[in-house]
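Letter by letter, the chains look like this.
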Amino acid sequence: MQTELASQLILERLDASSEMHSATMSQMRMWFIPQKSENEDNYSINPRYFEAVLVRAVGFLLEKGYVVSTLPDGVEDGDVQLFSLTDDGKRYLEQHQTEIYD
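Numbering of residues begins from 1 in every chain and follows the order in which that chain's sequence is written. Owing to the predicted nature of the model, reporting of local features is limited to residues with pLDDT of at least 70; listing and counting of side-chain atom pairs is limited to 80 or more, with chain, interface and lining totals taken over all residues. Side-chain calculation: all heavy atoms of the structure are included, whereas hydrogens and water are not.

Trainee: Explanation requested: the nonpolar core in the structure shown.
Mentor: For soluble globular proteins, nonpolar side chains are generally found buried alongside one another. Of all hydrophobic cores here, the largest spans 22 residues; its most connected members are Ile10, Leu11, Met28, Leu54 and Val58. Each helix is a run of DSSP H or I of at least 4 residues and each strand a run of E of at least 2, with the numbering of both proceeding from the N terminus. Elements with a contribution of two residues or more to this core: α1 (3-16), α2 (25-32), α3 (47-64), β3 (82-85) and α4 (87-101). Top element by residues in this core is α3. It accounts for six residues. Once you skip the residues sitting within four places of it in the chain, Leu54 turns out to touch Ile10, Met25, Met28, Arg29 and Phe32. Working definition of a nonpolar core: buried Ala, Val, Leu, Ile, Met, Phe, Trp, Tyr and Cys residues. They are joined through side-chain atoms within 4.5 Å. Accessible area is worked out with a 1.4 Å probe on protein chains only. A residue is then buried under 20% of its type maximum, exposed over 50%, and partly exposed in between. Residues are treated as being in contact if the distance between any of their heavy atoms lies within 4.5 Å.

Below, the structure written as C-alpha cells:
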C-alpha cells in the first residue's frame, strides 16, 4: 500500500465520519490493519507494515495542511488526540474524486 493511496483513504474516511470529520489514530488503525478471521491460522499479517504506512500518510496530510491535529476541549492527561479534515483537505478530496470519475 502506497502512502498516496493511504492518504486518499484517510481523507475519504474523515469526510464520511459523522463526528465533525475527525478520528483518533486508533480509529484510523482499524481502517488499515487487516484482521485475521478465526479460521485463517495460516494467513500471515505484518501489522507493523500497515502501521508504518499509516504514520507516513498522516504525516504527509499534516504537512500539506489537509488534516489538522487537535485535542478535544477540557483536555486531561491521557485524553485522545483527534485528527480532523480541513477545508483544504476537502477541496483536495473533491478535486481528486472528480479526476478519478472523469
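Moving on from the model shown.
Trainee: How should α3 be read in this particular structure?
Mentor: Turn by turn, an α-helix covers 3.6 residues, leaving residues three or four places apart pointing in a common direction. Take the number of residues in a helix, subtract one, and multiply by 1.5 Å to get its expected span. Taking 1.5 Å of rise per residue, the 18 residues of α3 would be expected to cover 26 Å, and the 26 Å separating its terminal C-alpha atoms lies within 8% of that figure. Listing the buried residues of α3 in full gives Phe50, Val53, Leu54, Ala57, Val58 and Leu61. End-on, the buried residues of α3 take up no more than an arc of 130°, which puts them together on one face. Opposite its buried face, α3 presents the exposed residues Arg48, Arg56 and Glu63, each directed more than 90 degrees away. Two residues or fewer past α3, Gly65 is found with a positive phi of approximately 85°. Comment: arc refers to directions from the helix axis out to C-beta atoms.

Trainee: What am I meant to see in the pattern of salt bridges here?
Mentor: Two side chains with opposite charge may pair up if their charged atoms get near one another. Definition used for salt bridges: Asp or Glu carboxyl oxygen within 4 Å of a side-chain nitrogen of Lys or Arg. Scanning the model with the defined rule gives two salt bridges in all. With a closest N to O distance of 2.8 Å, Arg29 and Glu51 form a salt bridge. In this pair, Arg29 sits in helix α2 while Glu51 sits in helix α3, placing the two residues 22 residues apart along the sequence. A relative accessible area of 30% places Arg29 in the partly exposed class. A residue is classified by how much of its surface remains accessible, and Glu51, at 23% relative accessible area, is partly exposed. Arg91 is paired through a salt bridge with Asp88; the nearest N and O atoms lie 2.3 Å apart. Remark: Asp88 and Arg91 occur in helix α4; sequence separation between them is three residues, near one turn of the helix. You can call Asp88 partly exposed: its relative accessible area is 40%.

Trainee: Is there a simple way to explain the side chain of Ser22 in this structure?
Mentor: Structurally, Ser22 is set in strand β1 (residues 22-24). On the basis of relative accessible area, Ser22 is assigned to the buried category, the value being 7%. Among residues more than four places away in sequence, those in contact with Ser22 are Leu14, Ser17, Gln27, Leu82, Phe83 and Ser84.

Trainee: Could you clarify how one ought to interpret the packing of aromatic side chains in this entry?
Mentor: In this description, an aromatic ring pair is defined by two values, namely the gap between the centres and the angle between the planes. What counts as a ring pair is set by centres within 6.5 Å for rings of Phe, Tyr and Trp (its six-membered ring), and what kind of pair is set by the plane angle: stacked under 30 degrees, edge-to-face over 60, tilted for all other angles. A complete count under the given rule lists two aromatic pairs for this structure. Look at Tyr49 and Phe50: their rings are 5.2 Å apart centre to centre, the planes differ by 80°, and that puts the pair in the edge-to-face class. For Phe50, a relative accessible area of 17% translates into the label buried. Aromatic pair Tyr66 and Tyr92: ring centres 4.5 Å apart, planes at 20°, arrangement stacked. You can see Tyr66 sitting in the loop between α3 and β2 (67-70) and its partner Tyr92 sitting in helix α4, a full 26 residues away along the chain. Judged by its relative accessible area of 15%, Tyr66 is buried.

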